[in-house]
Each structure stands twice: as C-alpha cells, then as structure tokens.
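So you can see what is in the structure, the chains are spelled out below.
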Amino acid sequence: MIETPEDGAREIVLANAEVVTPEEVVRGRVVVVRGRIVAVEEGSGGGHLDLNGDLLIPGLIDLHTDSLEKHIQPRSGVQWDPVAAALSHDLQIAGSGITTVFDSLTVGAAETWDSRDDLLEPMIDGLLRTTRHGMLRAEHFVHLRCEVTHPDIVALVERLIEGELVRFLSVMDHAPGDRQVPDVEVYRRLIAPRMKNNDRAMSAHVDQLIRASRTIGPANRRAVAALANARGLPLASHDDARPAHIEEAAALGVQVTEFPTTVEAAAAARTSGLKILMGAPNLLRGTSHSGNVAAGTLAERGLVDIFASDYVPASMLHAAFALSRPPFDLPLPQAIACVTEQPAAAAGLTDRGVIAPGKRADLVHVRMVEGWPVVRAVWREGSRIV
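These figures come from a predicted structure and were not determined experimentally.

Conventions and cut-offs
Residues numbered from 1 in each chain as written. Predicted model: local features only at pLDDT ≥ 70, side-chain atom pairs only at ≥ 80, totals over all residues. Heavy atoms only, no water. Helix = DSSP H or I, 4+ residues; strand = E, 2+ residues; numbered from the N terminus. Rg over C-alpha atoms; globule rule 2.2 N^0.38 Å. Buried < 20%, exposed > 50% of the residue type's maximum accessible area, 1.4 Å probe, protein only. Contact = heavy atoms within 4.5 Å. Lys, Arg positive; Asp, Glu negative; His and termini not counted. Charge placed at Lys NZ, Arg CZ, Asp CG, Glu CD. Phe/Tyr/Trp six-rings, centres within 6.5 Å; stacked < 30°, edge-to-face > 60°. Lys NZ or Arg CZ within 6 Å of the ring centre and 35° of its normal. Pairing = 2+ DSSP bridges. Axes fitted to C-alpha atoms, helices over the stretch in contact; angles between N-to-C directions. Right-handed = clockwise from strand over helix to strand, strands pointing away. Patch = residues over 30% accessible without salt bridge, like charges linked within 9 Å, V, L, I, M, F, W, Y side chains within 5 Å. Areas by Shrake-Rupley, 256 points an atom, 1.4 Å probe, with all protein chains shown as cover. Salt bridge = Lys/Arg side-chain N within 4 Å of Asp/Glu carboxyl O.

Another point: the overall build of the protein. A count of helical and extended segments in the protein gives 14 helices and 16 strands. Rg of the C-alpha trace for the protein: 21 Å, near the compact-globule value of 21 Å for 386 residues, within the 12% margin. Considered along the principal axes of its C-alpha atoms, the protein spans approximately 70 × 45 × 40 Å. Buried residues in the protein amount to 56% of all 386 residues. A separation of at least 24 residues holds for 67% of the contacts in the protein among residues at least 6 apart in sequence. When the 38 positive and 50 negative side-chain charges of the protein are each reduced to one mean point, those points stand 2 Å apart.

This is the structure in structure tokens:
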C-alpha cells in the first residue's frame, strides 16, 4: 500500500471536521491509532490535521465497477500492460474516495464483447502482482460476473473461484428478449456496429444467445450459485426484471439483486430480503443507459440499498450527496451509508464502512465547493493514500 511520511505516527488526530457517523453528523475529531479508529469526540479541539470544518466520511466501498476493463483495453483492439492498467485504475479509484473496490470482471463473454475473455486472466494477474508488491492505494478484490449462457461457464468459474482476490460472484444472462434488453430489435441495433451491420451474423448471434439462455442457462445459474454458496462468497443476480427472477434468485441463495430493471422486481426483492444495488451513473443521469427503470424512481420508493460506481468511479460520491437533496432528502448519514455501510454489510466486511471506534480508519476528507463534493484526502487503515 502506498504510504506517506505521516503514516509512521502511532496516533493521527483529524480535527475540526463535520464527522459523518452512522447516526448523525458530529462537529469534532477522529482519533486513529495504528490504523484503527479509537475515538470520535465532539468539540473543536486540536489535532495533527485540521480539516477546517470540512466533512469526514468513511471510505467508499464499491461492489461493482467495470473500470479496470477500460484501463486494460483503452480502445477497441488495444490491450494495455496489465500492471500499468491496474495502477492507472487504482489511482482513479482512490482519487474518487473509494478505499475498497470489487473489480467486476466478465467471465464467459459473448463473442461481440471485445474479446473480454482474453483480458480476464491478464487483469487478474495485474491485480495480483500489484497487490502482492504493495503498489495499490485502495484495497482490491475481484467480483466475477458469470455469464450463464456460456457453455463453459461452470468450468471457468471452478478454475477462477479459488483465486486469493475473489470475494464476490454474480450471475447474469444477457440474452436479448428478457432482463437487461427485453426488446430484441433494440439489442440488434446495439450490436450492429460491432458486427458491421451483418444481418446474418447478428441473427445467428441473437439466436444462439436465446437458445443458450433457455437450454443451458438455468442449470449453469444453479451450478455457479452452488459454487459461491459452498465457499461462503456473497452472490448477486444481475438485471432481474420480474418477481419470478427474484424468487429464483432467493431460492439460489442470492443476497443482492444488481441493477433490477423494473419497479416490480425491486419491490419483490425488498419483500424477499435481498439487498438492492443500483448504478450511481443511472441516478445522476436520471435514466438508465439501456432504457430500464431509473435509479431515482426506485430511490424515491425506498427501493435502493446500495449504489455502485458501475462505469464511472467518481459517480459514487456524487450520488451519495445527490441522495441528501430533493427529491430524495435522505439524512446525510443515511445517504452516505448507501456507498459505505450498506455495501460493507453485503460483502461481509464487518471491519469497515462506518466511522466508529474499533473500525478501520478508511476515511475521506470531502470539501463542498459550489455544491460539489470534492475529495481532498483519503486514508486507508490510517495511511494517507491520496
């Protein structure tokens, strides 16, 4: 982990801050000893670092980001060095206030998805090498996104699941006609540029995905879920669209529904006790990029627990503050919890996600500038990383 000279101090005191605790915002200071929070004290007493009345929040915890894929393939057909890609990605993550990140990597990609399967093992290798050599600022885990329409998905997951960084799995089915893209013609338009508008190739691709979804998808979904459950790994279901999808997910031991595409699916998830995760970019844009339910619509109904960065790391912090304003008007501690405490709980990380004695000193100094939350400093386990 990147360290600065001040990290040698046994005690660090961050003073004169608006400290966002799980229950309230407290004007005071946070005392850190050897990477752990030992006290949250009210008052304006001095400390090693004066935050000048700015906010101090827990480090953000991102359960789903596609950012690493963009760094290792910055342009279609271009593959970047995996270590350099991991370092660049990590810098963006930490600079966004994210101290724990689950890099979501596609397993079993369809043939039109820019050869993601070819990038999978280099990405994992880059993360392993940079982690083992202490090169990363944030703490990185791997989230395997498992495409159940792939004929070899179970074998692929069996090979990867024992990896030391693998800490989260999700099952997904991107066959058109259901879930993320219910309109087959919309899907054809989306893939047309990649398939050079070749109607025969597009039809063959669509038919293959739909056939695989119906024939091998259900058994693959069950098998991948069993692998996750056997190892005690958190499991999510991707793009649930109907209550029947939620019922199936709950029966398989799924704890989180990622990006439900309808109000009905999210409401069913709430009834079934599944945590509901949505993309922060969706909330900020006011709409889904694929035409599904808006995250704001679900948030107004109390049907979102967790926000993830999805494809824009900086969106998590901005989304949390957006939730504290109209039309949502959540108390700031509750809004911040959607990107800290709630994802920590969903991932089984009991040592972080809140500012409280005994927890890891994963902290973010945030200054509000013309209504925008600006990251000024970030600490991971008491070591400053930004």
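After that view, the rundown keeps rolling.
On to the environment of Val 186. Following the sequence through the fold, Val 186 ends up in helix H5 (residues 184-191). C-alpha of Val 186 to C-alpha of Gly 291: the two residues are 105 residues apart in sequence and 10.0 Å apart in space.

Throughout the structure, instances matching the rule amount to two aromatic pairs. Their ring planes at 45° and their centres at 5.2 Å tell us that Phe 102 and Phe 141 sit as a pair that is tilted. Taken as a pair, Phe 102 in strand S7 (residues 98-107) and Phe 141 in strand S8 (residues 139-147) lie far apart in primary sequence, 39 residues in all. Judged by relative accessible area, Phe 102 falls into the buried class, the value being 1%. Ring geometry for Phe 102 versus Phe 168: centroids 5.9 Å apart, planes at 70°, classification edge-to-face. Placement of Phe 102 in strand S7 and of Phe 168 in strand S9 (residues 166-172) is noted, with a sequence separation of 66 residues between them. One aromatic cluster in this structure is built from Phe 102, Phe 141 and Phe 168. Lying across the ring of Phe 141, Arg 167 places its NZ or CZ 4.4 Å from the centre.

Moving on, we come to the sheet that holds strand S10 (residues 235-238). Strands belonging to one sheet form pairs held by backbone hydrogen bonds; the direction of such a pair is parallel or antiparallel. The eight strands are arranged S6-S7-S8-S9-S10-S11-S12-S13 in an open sheet whose pairing can be described as parallel. Sheet topology places strand S6 (60-65) and strand S13 (306-308) at the edges, where each strand pairs with a single neighbour. The mean angle between the axes of side-by-side strands here comes to 25°, regardless of whether they run parallel or antiparallel. In this sheet, S13 lies alongside strand S12 (residues 275-279) in parallel orientation, the contact comprising three bridges. Each bridged residue has a counterpart across the sheet, and for Leu 277 the counterpart in S13 is Ile 306.

Of the two faces of S10, both are covered, the one formed by Leu 235 and Ser 237 as well as the one formed by Ala 236 and His 238. Both S10 and strand S11 (residues 256-258) contribute to a ladder of three bridges, which runs parallel. Looking at S11, one finds that Ser 237 is bridged to Thr 257. For the handedness criterion, the β-α-β arrangement of S10, helix H8 (residues 243-251) and S11 is classed as right-handed.

Right, let's get into a negative patch on the surface. A surface patch of negative charge is lined by Glu 23, Glu 24, Glu 42 and Glu 341. Within the secondary structure, Glu 341 sits in helix H14 (residues 341-346). For Glu 341, a relative accessible area of 35% corresponds to the partly exposed category.

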